[in-house]
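# Summary of structural features
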Amino acid sequence: QKEVEQNSGPLSVPEGAIASLNCTYSDRGSQSFFWYRQYSGKSPELIMFIYSNGDKEDGRFTAQLNKASQYVSLLIRDSQPSDSATYLCAVNLEGGSYIPTFGRGTSLIVHP
Amino acid sequence: DAGVTQSPTHLIKTRGQQVTLRCSPKSGHDTVSWYQQALGQGPQFIFQYYEEEERQRGNFPDRFSGHQFPNYSSELNVNALLLGDSALYLCASSSPGGAGVYEQYFGPGTRLTVT
């Protein structure tokens, strides 16, 4: 069964700290990786995507991809209470697939 | 630039009824995907439409059907509603071409409650 796994949390970090969110996937052929943020009662919002091994930075967010180990992570620097949300990892599990498979999401709580 | 729009926002139906949800993609996008998201779960893929045809389908029964119009907007129809169909229904549109890797953007969703 092709899967995307995330720890459901909650992950609790103090304001100003680095939050680290992790995601593993089952298919070595996966090529596209996405992180979505979802506030309670709202729809997912795309915040990062990464296609190549290594790091990709965008403001306070850094996505890290390690295809050999089949994991992708999201780091949030200088975490703010407004970052409190569920973070969904999505992976196009088959090479060339147009359909990302989503994990269950990790709940992040940033406390003042 | 208008993003993805969906209607209605909320809907309450009774078991056995039928429902139609609507979606307009982001300007310039030609591919529309539908997802079902139950509470505490990630979105589950229902199907995707491209060039007015269903390109791929997830593991959902035939009670779930859809359509894409020439202007790229789309409808999701669910027949014979079950209590378990209560969920947030999400529409996502993606970049032109539909080939290779691409990014999807979600609409605000329709909250369906079946009683």
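This one's a predicted model, so the numbers in the text were calculated from it and none came from an experiment.

Scanning chain A for helices and strands turns up 0 helices and 11 strands. Its helices and strands taken in sequence order, chain A reads β-β-β-β-β-β-β-β-β-β-β from the N to the C terminus. Over its C-alpha trace chain A gives a radius of gyration of 13 Å, about what one expects of a compact globule, namely 13 Å for 112 residues. With 112 residues in all, chain A has 46% of them scored as buried. Considering only intrachain contacts with a sequence separation of at least 6, the fraction spanning at least 24 residues in chain A is 55%. Here chain A contributes 9 positively and 11 negatively charged side chains, and the mean placements of these two sets differ by 3 Å.

It is worth spelling out the state of the cysteines at this point. Residues and elements named next belong to chain B. Applying the stated rule across the entire model yields 2 disulfides over all chains. Disulfide partner of Cys 23: Cys 91, at an S-S distance of 1.8 Å. Residues Cys 23 and Cys 91 are joined by a disulfide whose S-S torsion is about -55°; by sign, that bridge is left-handed. With Cys 23 in strand β3 (residues 19–24) and Cys 91 in strand β9 (residues 87–94), the pair connects residues that are 68 residues apart, well separated along the chain. As far as burial versus exposure is concerned, Cys 23 and Cys 91 are alike and both buried.

Quick look at the sheet that holds strand β8 (residues 74–78) of chain B now. All names here are of chain B. An order of β1-β3-β8-β7 is seen for the 4 strands of this open sheet, with the pairing classed as antiparallel. Every interior strand has two partners, whereas the edge strands, β1 (5–7) and β7 (64–68), have only one. Here the average twist between neighbouring strands, direction ignored, is 20°.

Further remarks concern the pattern of salt bridges. A complete count under the given rule lists 6 salt bridges over all chains for this structure. With a shortest N-O distance of 2.9 Å, A:Arg37 and A:Glu45 are connected by a salt bridge.

So, about the sheet that holds strand β7 (residues 61–66) of chain A. Residue and element names in this part refer to chain A. Pairing is antiparallel in the open sheet, where 5 strands are placed in the order β1-β3-β8-β7-β6. Of all the strands in the sheet, the pair left with one neighbour each is β1 (4–5) and β6 (54–58). Here 6 bridges tie β7 to strand β8 (residues 71–76), and the two strands are oriented antiparallel to one another. Each bridged residue has a counterpart across the sheet, and for Phe 61 the counterpart in β8 is Ile 76.

Here the focus is the interface of chain A and chain B. Contacts between the two partners involve 18 residues from chain A, matched on the other side by 23 residues from chain B. Of the roughly 1700 Å² buried at the junction of chain A and chain B (both faces included), carbon and sulfur atoms supply 57%. Along the contact surface separating chain A from chain B lie 0 salt bridges. At the boundary of chain A with chain B, the tally comes to 3 residue pairs in polar contact (both at pLDDT 80 or more). When residues of the side of chain A that touches chain B are assigned to their parent elements, the largest contribution, 4 residues, is made by strand β4 (residues 32–38) of chain A. In the side of chain A that touches chain B, the residues fall into 11 nonpolar, 5 polar and 2 charged.

Residues and elements named next belong to chain A. Relative to the helices and strands, Asp 27 is located in the loop between β3 (19–25) and β4. Residue Asp 27 is classed as buried on the basis of its relative accessible area, which comes to 14%. Looking at Asp 27, its side chain comes within polar contact range of the main-chain nitrogen of Gly 29, at 2.9 Å.

Another aspect to go through is the pairing of strand β11 (residues 106–111) of chain A. Residues and elements named next belong to chain A. Burial along β11 is one-sided: Thr 106, Leu 108 and Val 110 are buried, while Ser 107, Ile 109 and His 111, pointing the other way, are not. Sheet analysis places strand β9 (residues 85–92) next to β11, joined by 3 bridges and oriented antiparallel. Across the sheet, residue Ala 85 finds its bridge partner in β11, namely Leu 108.

Scoring rules and cut-offs
- Residues numbered from 1 in each chain as written.
- Chains lettered and ligands numbered in written order.
- Predicted model: local features only at pLDDT ≥ 70, side-chain atom pairs only at ≥ 80, totals over all residues.
- Heavy atoms only, no water.
- Helix = DSSP H or I, 4+ residues; strand = E, 2+ residues; numbered from the N terminus.
- Rg over C-alpha atoms; globule rule 2.2 N^0.38 Å.
- Buried < 20%, exposed > 50% of the residue type's maximum accessible area, 1.4 Å probe, protein only.
- Contact = heavy atoms within 4.5 Å.
- Lys, Arg positive; Asp, Glu negative; His and termini not counted.
- Charge placed at Lys NZ, Arg CZ, Asp CG, Glu CD.
- Disulfide = S-S within 2.5 Å.
- Pairing = 2+ DSSP bridges.
- Axes fitted to C-alpha atoms, helices over the stretch in contact; angles between N-to-C directions.
- Salt bridge = Lys/Arg side-chain N within 4 Å of Asp/Glu carboxyl O.
- Buried area = accessible area lost by both parts, 1.4 Å probe.
- Polar contact = N/O pair within 3.5 Å; in protein donor to acceptor, adjacent residues only side chain to side chain.
- Nonpolar A, V, L, I, M, F, W, Y, C, P; charged D, E, K, R; others polar.

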